[in-house]
Each structure stands twice: as structure tokens, then as C-alpha cells.
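Coordinates in review
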Amino acid sequence: MTTERATHNRWSSNFSFVLAATAAAVGLGNIWKFPYIMGENGGGAFVLLYLLFIFLIGVPVLMAEVLIGRRGRTSPGYAAAKLARESGVSPAWQITGWMGLSAGYIILTFYAVIAGWALSYVFKSASGAFVDATPASVAAVFGGMVTSASELLFFSTLLIVATVFVVGKGFKNGLERAVKYLMPVLLILLVIIAIYSGMIGDFGRAVSFMFRPDFSALTTQGALIALGHAFFTLSLASGVMIIYGAYLPKGTSIARTSIWIALADTLVALVAGLAIFPIVFGFGLAPGEGPGLIFQTLPLAFTHMPMTSLTATVFFVMLVLAAFTSAIAMIEASVAFAEEKLQVSRWKASIASGLLLWTLSLATVFSFAGAGWTQLNWNFFGKELATIFDAIDHLASNILLPLGGLLAALFTGWVMKRRFTEEELNTSARVYAIWRFCVRYLAPIAIIAIFLQLLGIVQF
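Throughout this description, residue numbers start from 1 for each chain and increase along the sequence as written. Only residues with pLDDT of at least 70 get local features here, since the model is predicted, and only at 80 or more are side-chain atom pairs given and counted; chain-wide, interface and lining totals rely on the full set of residues. The basis for every side-chain value is the complete set of non-hydrogen atoms in the structure, without hydrogens or water.

Both the distance between ring centres and the angle between the ring planes are used here to describe each pair of aromatic rings. Aromatic pairing here means that ring centres of Phe, Tyr or Trp (its six-membered ring) are within 6.5 Å. Orientation follows from the plane angle: under 30 degrees is stacked, over 60 is edge-to-face, and everything else is tilted. Applying the stated criterion across every chain, the model contains 34 aromatic pairs. Seen in terms of ring centroids, F123 and F155 are 5.7 Å apart; in terms of plane orientation they differ by 40°. Their pairing is tilted. Note that F123 is positioned in helix 5 (residues 95-126) and F155 in helix 7 (residues 149-168), a separation of 32 residues in sequence. Burial here depends on accessible area, computed with a 1.4 Å probe over protein chains only, as a share of the maximum for the residue type. Under 20% is buried, over 50% is exposed, and the range in between is partly exposed. Of the residues examined, F123 reaches a relative accessible area of 48% and is grouped as partly exposed. Centroid distance F165 to W347: 6.1 Å. Interplanar angle 50°. Geometry classified as tilted. Placement of F165 in helix 7 and of W347 in helix 15 (residues 346-369) is noted, with a sequence separation of 182 residues between them. We classify F165 as partly exposed; its relative accessible area is 47%. Judged by relative accessible area, which is 39%, W347 ranks as partly exposed. Every member of this aromatic cluster is reached through a ring pair, and the members are F110, W117, Y121, F130, F142, F295, F302, F315, F316, F368 and F389. Numbering of helices and strands starts at the N terminus; helices are DSSP runs of H or I of at least 4 residues and strands are runs of E of at least 2.

Written out as C-alpha cells, the structure reads:
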């Protein structure tokens, strides 16, 4: 027998919801991943496609997930189960919610470790580790960190404890208050870095690279990457938007707030590009450097800047804040589920969720630190999975997330009765028709294309 206990938590204002949802969406994906995949895929043409996909696919699926959360008023799995019963369909459709909750939690088990890298770099920067740095010294700093189990454990544990503390304090005093203060600080730091970067770097080349489309540099693979990132950057299919939707007041426009969230998330991603690429071009770095752009390449540029230690420290503090606000969001759904299922207090649910998260994060820690039991050397549809971390990342990011998004689109577009979705969205006939077309046809086709490409089943 399932336990469904409707939540009575509500965002204090529409602005609080937009701020919290944006804080959830703005994470390492915006500041760490977006600049380097843009650099690898031609800049401006990639940005144009990314913006197109955000609003044609990302926003409709975001609306679908918020709709499920607000109508269900419980944690993701129970919310989907409740709506399946309401529409008189098979209870098996509750997998829509359970898939998202599981994916978000699994992602957090390695996200916390990667966020720990940024936290470690705050202390390294403040101590002057990048003053007069050379490529060899920066590589040694990064290599020493990712192969040190004790260092990875310390910083990932610190981040998990902070996350549990904030969420454990409750909805109003913990989660909502934290994002209300942390998100503005994050944005201020990002803007300061972008202005400073533009002053000391090559701002003109950065703007030209980001906003002057060169479609000859964009491949079909690059277009699919833009589509995938547009989908994943909004924290879709991770349980976050369903549980945040459960806290949304009834009179709030789902369509309007979803558009605001997408606009804010996209703006942050573009400002992150403007914070990084002037430095990249100004100091002769490669825009397509890959995942090492922030942790191994930018420190080389910091060493040539005035106030090296301060600049690097502020940058990595910003990165930690972005990761932390996303971590708070990703653990919230599991805490709400524990409260419902176990009938325990918020603090107990938070601590239990945090302890399990810490335990599971050990697999990622020791995947980097070289423990033998984490080595797999699997080949999955042509994808080499060398460690447990590779397998967890691939399972969550490339399988559970696309499937979760597909299920959310199908569930709201085809399974839920039309009158329920019309009632919940409460928007104009034209807006509703556009949303319904997107979740019934456009989003499923696009997500299936991503899924087949990532699995290597089809090459476009």
C-alpha cells in the first residue's frame, strides 16, 4: 500500500518559485559544460539551435513536469500514481515520477563529488596555488586532487553535509531562504567576472564567436548535442520540477513561470560564456578545450591576470554556489519521498537521504582515486565504460533522463485526460494547443532521437 501525504508547503511568491527553479537549473551544466560544448561545436550556430530547442522542447516538458507536481501535490512517484488513477489509466504510469526521482538522486551521487572539485579549488586558489602557474603545475594540482581519495571524500562530504543542513531546516527556513540569498549572490559574482573578463580579455572575439553563426562549423552531431543540452540544462526528468511544482500556488500561471525560468537559465548560460570566452581568446587558449576548460585551462589564464588569487577564488566560489543550489534541488524530491514513505520528520528524512547519498558517492570517489573494485571496462553499444562512475553517469544522463523526459511528455500529452491538463494549465486556447502539440509530437520525437543517438543505435 502506498503512502501519499499531500504537501502543504507553498512558495511565498511567484518570484520565489522562478528563483528556486532557476537556481536548480543553473548548475555546473551552465557554467562548466555549456561554454566548452559551445566551443567544440562552432559557437554562434550552436547557440541559435540551443535557444530554439529550449523553447520548442525544453519549455513544454518543463510545463508538463510542473503540471504533474502541482496537480499531484506529493513527491514525484506518488504524484504520477495519483494522476494515473484520476485519469483511469494503468497505475504503471507512475513510473513517470519514480524515474525522475531515481535519476535525480543517482546524478547527485556523482554531482556532489564533481562539485567537491570546485570547492577544493576555492581553497587552492585562495592559498595561491595558481600564482605563477605553468601547464605542468596546473596538471599536477588537478591530477593530485582527483586521485586523492581523502581529498575527494573531504570536500564531497562537506558539500553533502551543507546540503542536508539547508534542506533539513525545512521548506521556508531552509530551501526557500537559501535560494533567495544564494542565487542573487551567484548572479552578481557571475556578472562581475563577465565584466572583468571583458576588460582584460578579448571581448570582441568572444561576442563574435558566440553570436555570429557559422553553420559550416555545426555538424549533425553538434545539433543533437545542442538539443540534449537544452533538455538537460532545465533540470528536467530529475524529479526537481515535479516536486517544485508541488509547492506552486494554484493561481500561478505554469506557462508564464516556465518561460521565465527558461529565459533566466539561458541568460545565465550566455553570461557564463561571456565570462569565460574573453579570457580564452585573450590569453590564446582553445575554445574547444573540452571538460578540462575550467579546471585545467582557465587557471593558466588566471596566473596572467591582476590579483590572481582573488580572481580565481571568486570564480570558483561562483562555481560552488551554482553546484550547491542544484544539489539542494536534487535532494529535495528524495527528502519529500522519505517524509511521506517513512512518516518521519524533515530532519530525519534529510539525514537519511544524505547518508545514503554519501555512501553511494563513494563509488565515484574511488573511481577517480583508482580503487580496483570500481574498474569495469564494459562496452555498452559502443560506449566504453571504464569505471563505476562512467556507468553511473551513462545510466543517469544518457538513459534515465531521456526516458524520464519522454515519459513526462507522453503522460501529460497522451495519458492524462485533456480536461485535467487544460484545467491545470489554465491558459489561452492557442497557448494550450501549442503546448499539447509539442508534448504529444515534437518533444517525444526529439527525445527519441537523442536517446537513439546516445545509445549508438542510430547515427544521424
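We define a nonpolar core as any set of buried Ala, Val, Leu, Ile, Met, Phe, Trp, Tyr and Cys residues linked to one another through side-chain atoms lying within 4.5 Å. Counting 167 residues, the largest nonpolar core has W11, W117, Y244, I294, F295, F315 and F316 as its most contacted members. The greatest single-element share of this core, amounting to 19 residues, is contributed by helix 14 (residues 308-342). Once you skip the residues sitting within four places of it in the chain, W117 turns out to touch F142, M145, V146, L152, F295 and F368. It only takes one pair of heavy atoms within 4.5 Å for two residues to be counted as in contact.

Before going further, it helps to spend a moment on a nonpolar patch on the surface. Only residues above 30% relative accessible area that lack a salt bridge enter a patch, with like-charged residues linked at up to 9 Å and the nonpolar side chains Val, Leu, Ile, Met, Phe, Trp and Tyr linked at up to 5 Å. Where accessible areas are quoted, they stem from the Shrake-Rupley method and a 1.4 Å probe; at the residue level, only the protein chains shown are allowed to cover. Between Lys or Arg on one side and Asp or Glu on the other, a salt bridge is scored when a side-chain nitrogen of the former is within 4 Å of a carboxyl oxygen of the latter. Taken together, L52, L56, W414, F437, Y441, L442 and I445 make up a surface patch of nonpolar side chains, about 670 Å² in accessible area. If you list the elements that add at least two residues to the nonpolar patch, you get helix 3 (44-72) and helix 18 (429-455). Ranked by residue count, the leading element in the nonpolar patch is helix 18, at four residues. Among the residues examined, Y441 registers a relative accessible area of 36% and is labelled partly exposed.

Despite not being glycine, A237 shows a phi value in the positive range, around 60°. For A237, the position within the fold is in the loop between helix 10 (220-232) and helix 11 (240-246). Take A237: its relative accessible area is 2%, and that puts it in the buried class. Located in the positive-phi region is Q343, a residue other than glycine, with phi close to 55°. For Q343, the position within the fold is in the loop between helix 14 and helix 15.

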